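Structural characterization, general
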Amino acid sequence: MILYHTSNIRIEHPDVRHSRQYLDFGVGFYTTLLLKQAIDYGERFLRRGEAAILNTYELDEQLNMFTHHVFSSYDEDWLDFVSSCRKGQPHTTFDIIEGGIADDQVFNTIDLYFSGIYTKEQALAQLRYKKPNHQICITSQEILDKHLHFVKSENL
């Protein structure tokens, strides 16, 4: 499976320790299957006057020995999980977590939920109409070291 990660640097050997905290799925190395999404993300770096580098990887398909959780929609499970991670609270550990991104529009809804303006039901009603983007968070350093293979990087 081909995965993409956009950064301001070339990343041949990703690791989880350089991840920021309070992200959608917690600490990990974030990738996507969607090339357009990865390229669009590079615009954030370019607007700040930084380099935007698209890193491409191949992930082994046979990862049965690792735990993998998929959020297929912006549902209650996704909202609870992302809320917990964004607050820095411990959550169930998975080696790979896959699902939608809390982008600007989605995060506005989550922010209203966090602040108590929206109830969980109101937030879920708003999220129901959002088409999820895609992210894969790899939290296992073993997967990064043994099963994620650097292919190339290119400037955007």
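A few points on the structure. Once a new chain begins, its residue numbering starts again from 1 and follows that chain's sequence as written. At least 70 in pLDDT is required for a residue's local features to be given in this predicted model, at least 80 for side-chain atom pairs to be given and counted, and no such filter applies to totals for whole chains, interfaces and linings, which use all residues. The side-chain figures draw on all heavy atoms in the structure; neither hydrogens nor water molecules are used.

1. Topic: the pattern of salt bridges
- Criterion for a salt bridge: a side-chain nitrogen of Lys or Arg within 4 Å of a carboxyl oxygen of Asp or Glu. Following the criterion strictly, the structure yields eight salt bridges and no others.
- Put simply, Glu12 and Arg10 hold a salt bridge, and the shortest N to O gap is 2.7 Å.
- Accessibility here uses a 1.4 Å probe with only protein chains present; expressed as a share of the type maximum, an area under 20% marks a residue as buried, one over 50% as exposed, and anything in between as partly exposed. With a relative accessible area of 36%, Glu12 lands in the partly exposed category.
- By relative accessible area, Arg10 is classed as partly exposed at 45%.
- In this structure, Lys36 engages Asp40 in a salt bridge whose closest nitrogen and oxygen atoms are separated by 2.8 Å.

2. Regarding the nonpolar core
- Residue types Ala, Val, Leu, Ile, Met, Phe, Trp, Tyr and Cys, when buried and joined through side-chain atoms within 4.5 Å, form a set referred to as a nonpolar core. Grouped together as the largest cluster of nonpolar side chains are 20 residues, with contacts concentrated most on Phe25, Trp78, Leu79, Phe81, Ile97, Val106 and Ile110.
- Every helix listed is a DSSP run of H or I at least four residues long, and every strand listed is a run of E at least two residues long, numbered separately from the N terminus. Counting residues per element, the ones that place at least two in this core are α2 (76-86), α3 (104-114) and α4 (120-127).
- The leading source of residues in this core is α2, at five residues.
- With residues near it in sequence (within four places) discarded, Ile97 still touches Phe25, His69, Phe71, Phe81, Gln135, Ile136, Cys137 and Thr139. Every residue pair with non-hydrogen atoms within 4.5 Å of one another is taken to be in contact.

3. Observations concerning unusual backbone geometry
- Its identity as a non-glycine residue notwithstanding, Tyr22 has a phi of 65°, on the positive side.
- Its place among the elements puts Tyr22 in the loop between β1 (2-7) and β2 (29-31).

4. Quick word on the sheet that holds β1
- For two strands to pair, DSSP has to find at least two bridges joining them. The sheet built from three strands is open, its strands ordered β1-β3-β7 with antiparallel pairing. Two strands in the sheet have a free side with no partner beyond their single neighbour: β1 and β7 (148-155). Across the sheet, the axes of successive neighbouring strands diverge by a mean angle of 25°, strand direction being ignored.
- As a rule, the C-alpha atoms of each element are fitted with a line to give its axis, helices using only the stretch in contact, and angles between N-to-C directions run from 0 to 180 degrees. Here helix α1 (residues 35-47) sits on the sheet and contacts β1 and β3 (53-59); the angle it forms with β1, its principal contact strand, is near 5°.

5. Some remarks on the sheet that holds strand β6 (residues 135-138)
- Pairing is mixed across the open sheet formed by four strands, whose spatial order is β2-β6-β5-β4. For this open sheet the edge positions go to β2 and β4 (68-70), each flanked by a neighbour on one side alone. Sheet twist, expressed as the mean angle between neighbouring strand axes with direction ignored, is 15°.
- Relative to strand β5 (residues 96-99), β4 runs parallel, the two sharing three bridges. Note that in β5 the partner of His68 across the bridge is Ile96.

6. Quick notes on the packing of aromatic side chains
- Aromatic rings from Phe, Tyr and Trp, with only the six-membered ring used for Trp, were paired whenever their centres fell within 6.5 Å, and each pair was classed as stacked if the ring planes differed by under 30 degrees, edge-to-face if by over 60, and tilted otherwise. Applying the stated rule across the entire model yields nine aromatic pairs.
- Considering the side-chain rings of Tyr41 and Phe45, the 5.7 Å spacing of their centres and the 75° angle between planes classify their relative orientation as edge-to-face. Taken together, the positions of Tyr41 and Phe45, both in helix α1 and four residues apart, correspond to about one turn of that helix.
- According to the relative accessible area criterion, Tyr41 is partly exposed, its value standing at 32%.
- Taking 5.2 Å as the distance between ring centres and 50° as the angle between the ring planes, the aromatic pair formed by Phe71 and Phe81 counts as tilted. Taken together, the residues Phe71 in the loop between β4 and α2 and Phe81 in helix α2 connect sequence positions 10 residues apart.
- The exposure class of Phe71 is buried, given its relative accessible area of 8%.

7. Quick look at the environment of Arg128
- Within the element layout of this structure, Arg128 appears in the loop between α4 and β6.
- Sequence-wise, Arg128 and Asp75 are 53 residues apart; in three dimensions their C-alpha atoms are separated by 7.4 Å.

8. Here we look at the layout of surface pockets
- Points on a 1 Å grid, built from protein atoms alone, make a cavity when a 1.4 Å probe fits but cannot get out and make a pocket when they are open with protein on both sides within 12 Å along at least 5 of 7 lines; residues with an atom within 4 Å of a point are the lining residues. Grid points are joined across faces, edges and corners, and a volume is the space filled by probe spheres set on the points. Taken as a whole, the largest pocket holds about 1300 Å³ of empty space.
- Lining the largest pocket we find 40 residues, and of these His5, Thr6, Arg20, Tyr30 and Tyr41 sit closest to its centre.
- Going through the elements one at a time, β1, β2, α1 and α3 are the ones with two or more residues in the lining of the largest pocket.
- Looking at the lining of the largest pocket, the element that brings in the most residues is α1, giving eight residues.
- Size it by volume and the second largest pocket reaches roughly 170 Å³.
- The residue makeup of the lining of the second largest pocket, split by class, is four nonpolar, six polar and no charged. Residues are grouped as follows: nonpolar covers Ala, Val, Leu, Ile, Met, Phe, Trp, Tyr, Cys and Pro; charged covers Asp, Glu, Lys and Arg; every other residue, Gly included, is treated as polar.

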